[in-house]
Amino acid sequence: MIERKISRFGVLLLIFMLPLFALAQKGEKIQTIVIDAGHGGKDTGALGKVTTEKAINLAVAKKFGAYIEENMPDVKVVYTRKTDKFIELSERAAIANRNNADVFVSIHVNSTEGTTTANGAETYVMGESKNEKNLAVAKKENASILLEDNTDAYDNFDPNSTEAYILFSLSQSMYQKQSLDIADKVQKQFAARGRHDRGVQQAGFLVLWKTAMPSILVELGFINNAKEEQFLNSEKGQTQMALALYRAFEDYKREFEAENHTAAKPEATKSAATGDTYFAVQFASRDKKVASTDKAFSGVKEVSVYEYNGAFRYISGRFTSKEAATKRQAELRAMGYKDAFVVAFVNGERGTIKQAEAALNGK
Ligand SMILES: [Zn+2]
């Protein structure tokens with residue numbers, strides 16, 4: 001019986017994968033993000049002592065979306081839910097596909113059996129579970145479909161059957177590289193905010209299965225760990241997690257668009273960028289703009305230029321932490337740019353290190 005179920009499921013899987021290939025060519029800009037607050041309504045998700053997973057997911061999703069809406073007027077934010085309501089997993093993916101989203105982020109909180117000491121954040125992409133722990137997370141999250149009235153979309157997929165998950169490994173490749181890239185950026189941002197880094201993981205999640213774009217599922221922490229629950233239930237904790245997601249998305253968007261050559265060119269003259277807050281390393285200043293930064297500053301990575309007090313200032317890199325910029329400063333000094341120093345930009349304008357730090361840490 002199980003075999004028959006799997007083969008029907010497998011055929012369906014392949015049919016669903018075909019349109020994904022057709023959609024492989026995305027635009028050159030990141031224009032739409034779908035933010036998915038996991039669970040909702042009758043589906044509470046994991047339970048804590050004072051709150052529920054669905055409530056934390058929604059709070060962080062709304063904050064994350066608000067950061068994008070405030071700072072990225074060129075990005076459309078679509079929420080799968082903005083209230084406490086039940087939505088099928090297949091519908092969440094369908095919302096992303098209907099909106100032709102460029103990125104899909106599903107937000108969840110973890111919980112384990114029998115222990116209250118597990119802690120930290122991890123980010124999943126669609127793929128084969130490499131261990132029992134990841135499989136358990138997927139099984140737990142996929143169990144939401146047991147509350148759905150009509151599960152035709154999953155063709156008898158049994159979220160508790162280990163065999164059923166083997167097929168998921170087939171559907172990982174389309175956007176996996178980009179998904180892994182976003183996941184990696186998210187984990188870096190979590191770690192930068194002092195969260196225990198549980199790394200980028202893979203497992204078969206029904207909510208990610210049919211999304212036709214780079215997609216991740218984040219597990220913010222453990223609701224059955226009292227300390228973690230307190231953090232995730234707090235204004236500060238939710239702000240930190242939302243800000244981490246925002247910074248990761250910002251990094252991904254910038255890199256994606258730079259690769260596709262449609263974003264603001266690095267050679268912008270007025271300011272290095274607009275609406276952005278980051279650190280960079282200033283390593284040279286010229287009265288006239290150089291004809292080619294590649295020639296003038298051979299070997300210097302990620303060069304851009306901005307005008308300040310009548311001179312062209314050349315900077316290297318864009319970092320979300322001062323530590324990372326200081327590392328670049330050391331590299332540049334070793335290359336002979338002995339006066340290289342860390343500069344900060346706040347909303348695209350030169351600012352102080354302190355201002356940038358405050359803006360980046362959401363203080
Ligand atoms: Zn969940």
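What counts and how
Residues numbered from 1 in each chain as written. Predicted model: local features only at pLDDT ≥ 70, side-chain atom pairs only at ≥ 80, totals over all residues. Heavy atoms only, no water. Donors = N, O, S within 2.8 Å, 3.2 Å for Na, K, Ca; no water. Helix = DSSP H or I, 4+ residues; strand = E, 2+ residues; numbered from the N terminus. Buried < 20%, exposed > 50% of the residue type's maximum accessible area, 1.4 Å probe, protein only. pLDDT = per-residue confidence, 0-100. Contact = heavy atoms within 4.5 Å. Pairing = 2+ DSSP bridges. Axes fitted to C-alpha atoms, helices over the stretch in contact; angles between N-to-C directions.

Student: I'd like a description of the coordination of the zinc ion, backed by residues and values.
Tutor: By definition of the ideal shapes, four donors in a tetrahedron about a metal sit 109.5 degrees apart, and six donors in an octahedron sit 90 or 180 degrees apart. With distances of 2.0 to 2.6 Å, the protein atoms coordinating the zinc ion are His39 (NE2), Glu53 (OE), His108 (ND1), Glu141 (OE) and Glu141 (OE). For the zinc ion, all donor residues lie on one chain, and their spacing in sequence is H-x13-E-x54-H-x32-E. A residue pair is termed long-range when its members are at least 10 positions apart, and Glu53 in helix α2 (residues 53-71) and His108 in strand β3 (residues 103-110) qualify at 55 residues. The class of Glu53 is buried, set by a relative accessible area of 1%. The class for His108 is buried, based on a relative accessible area of 4%.

Student: Would you mind going over the confidence of the model for the chain in detail, with residue names and values included?
Tutor: Looking at the chain as a whole, the pLDDT averages 85, with 85% of positions reaching at least 70. This stretch, residues 262-274, has a pLDDT under 50; its non-local contacts, to residues over four places away or in other chains, come to 31 contacts.

Student: Can you break down the sheet that holds strand β6 (residues 215-222) residue by residue, with the values?
Tutor: Taken in spatial order, the 6 strands make up an open sheet running β2-β1-β3-β6-β4-β5, and their pairing is mixed. Each having just a single partner strand, β2 (76-79) and β5 (197-203) make up the two edges of the open sheet. For this sheet the average axis-to-axis angle between neighbouring strands, irrespective of direction, equals 20 degrees. The pairing of strand β1 (residues 32-37) with β3 spans 5 bridges and is classified as parallel. Counterpart to Asp36 in the pairing with β3 is Ser106. Here helix α6 (residues 176-192) sits on the sheet in contact with β3, β4 (121-126), β5 and β6, set at roughly 175 degrees to β4.

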